[in-house]
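# Results of the structural survey
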Amino acid sequence: MQTNTNQFSWFQVPEDIKNLLILAAQNWENTSESEKYIQQALAQTGDNTDVLVAAYRFFYYKNNYSLALQTTSKLLDKIKEVEKFPDDWGQLKPILVNRKEEPQIRLYLNAYAASGLVLAKLGAIEEAKEISTRVKQIDEKNDFGSGILLDILTRPAEEDD
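Worth saying up front: this structure is predicted, and the values here are computed from it rather than measured.

### A look at the nonpolar core
Most often, soluble globular proteins keep nonpolar side chains buried together rather than apart. In this structure, Ile38, Phe59 and Leu96 are the most contacted members of the largest nonpolar core, which totals 46 residues. The set of elements that each furnish at least two residues to this core consists of α1 (15-26), α2 (31-45), α3 (49-61), α4 (65-83), α5 (89-99), α6 (103-121), α7 (125-138) and α8 (146-154). Per element, the largest residue contribution to this core is 10 residues, and it comes from α6. Ignoring anything within four residues of it in the chain, the contact list for Ile38 reads Leu21, Ala24, Ala55, Phe58 and Phe59.

### So, the environment of Leu67
Tracing the backbone through its elements, the reader meets Leu67 in helix α4. A sequence separation of 81 residues divides Leu67 from Ile148, and the C-alpha atoms of the two residues are 23 Å apart. Among all residues touching Leu67, those that are not within four sequence positions of it are Glu35, Gln39 and Phe59.

### Here's the deal with the pattern of salt bridges
Note on pairing: side chains with opposite charge can pair once their charged atoms come close. Evaluated as defined, the whole model comprises 10 salt bridges. For Glu15, the salt bridge is made with Lys18, and the minimal N-O distance between the two is 3.5 Å. Of this pair, Glu15 and Lys18 both sit in helix α1, three residues apart, which is roughly one turn of that helix. Connected through shared salt-bridge partners, Glu83, Arg99 and Glu102 make up one network.

Cut-off values and rules
- Residues numbered from 1 in each chain as written.
- Predicted model: local features only at pLDDT ≥ 70, side-chain atom pairs only at ≥ 80, totals over all residues.
- Heavy atoms only, no water.
- Core = buried A, V, L, I, M, F, W, Y, C linked by side-chain atoms within 4.5 Å.
- Buried < 20%, exposed > 50% of the residue type's maximum accessible area, 1.4 Å probe, protein only.
- Helix = DSSP H or I, 4+ residues; strand = E, 2+ residues; numbered from the N terminus.
- Contact = heavy atoms within 4.5 Å.
- Salt bridge = Lys/Arg side-chain N within 4 Å of Asp/Glu carboxyl O.

Below, the structure written as C-alpha cells:
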C-alpha cells in the first residue's frame with residue numbers, strides 16, 4: 001500500500017520510515033499489526049528522535065507502559081549523550097533551567113515528565129513523584145504537566161463519610 005508521505009514533511013525520516021509509521025496509524029485497530037510497523041521503524045532507524053517520540057506515543061496510547069517507558073528512556077539517553085548532560089541532578093538542573101526554551105531541552109523535559117507519568121501508571125509512585133518534583137522545579141508554567149501529576153500523586157486520600 002502506497003501512501004502520500006508528503007503530508008508529513010515535518011517528519012525528518014526517510015520516506016520508507018514515514019510509510020511504516022503511516023501504516024501503523026492506518027492499522028491502529030489491529031494492535032499486533034500496527035506494532036509490527038512501529039517495531040520495524042525503530043529497528044531501521046535506531047535512535048531517531050522523531051521515531052522514538054512516535055513509538056512512545058504509540059505504546060502509551062496502546063497501554064503498553066513498559067515499552068513506552070523503554071522508548072522514553074532511549075530518547076532521554078540519546079539527548080543526554082548529545083548534550084553531554086551530567087548524571088547528577090544537582091549539576092543537571094541549572095543547565096535545564098537556563099536552557100529550558102531550547103527545542104532539544106524542551107524535548108528532554110517532555111520525555112522526562114512522560115517517564116514520570118508512565119512510572120505512575122506502572123505503580124512506581126515514589127519514582128514518579130521524584131521525577132514530577134524535579135520537572136515542576138524547572139517548569140513554573142506547567143508546560144510539561146508534572147505539577148498536575150504531582151498534585152494527583154500527593155493528594156491525600158478522600159475520607160468516606
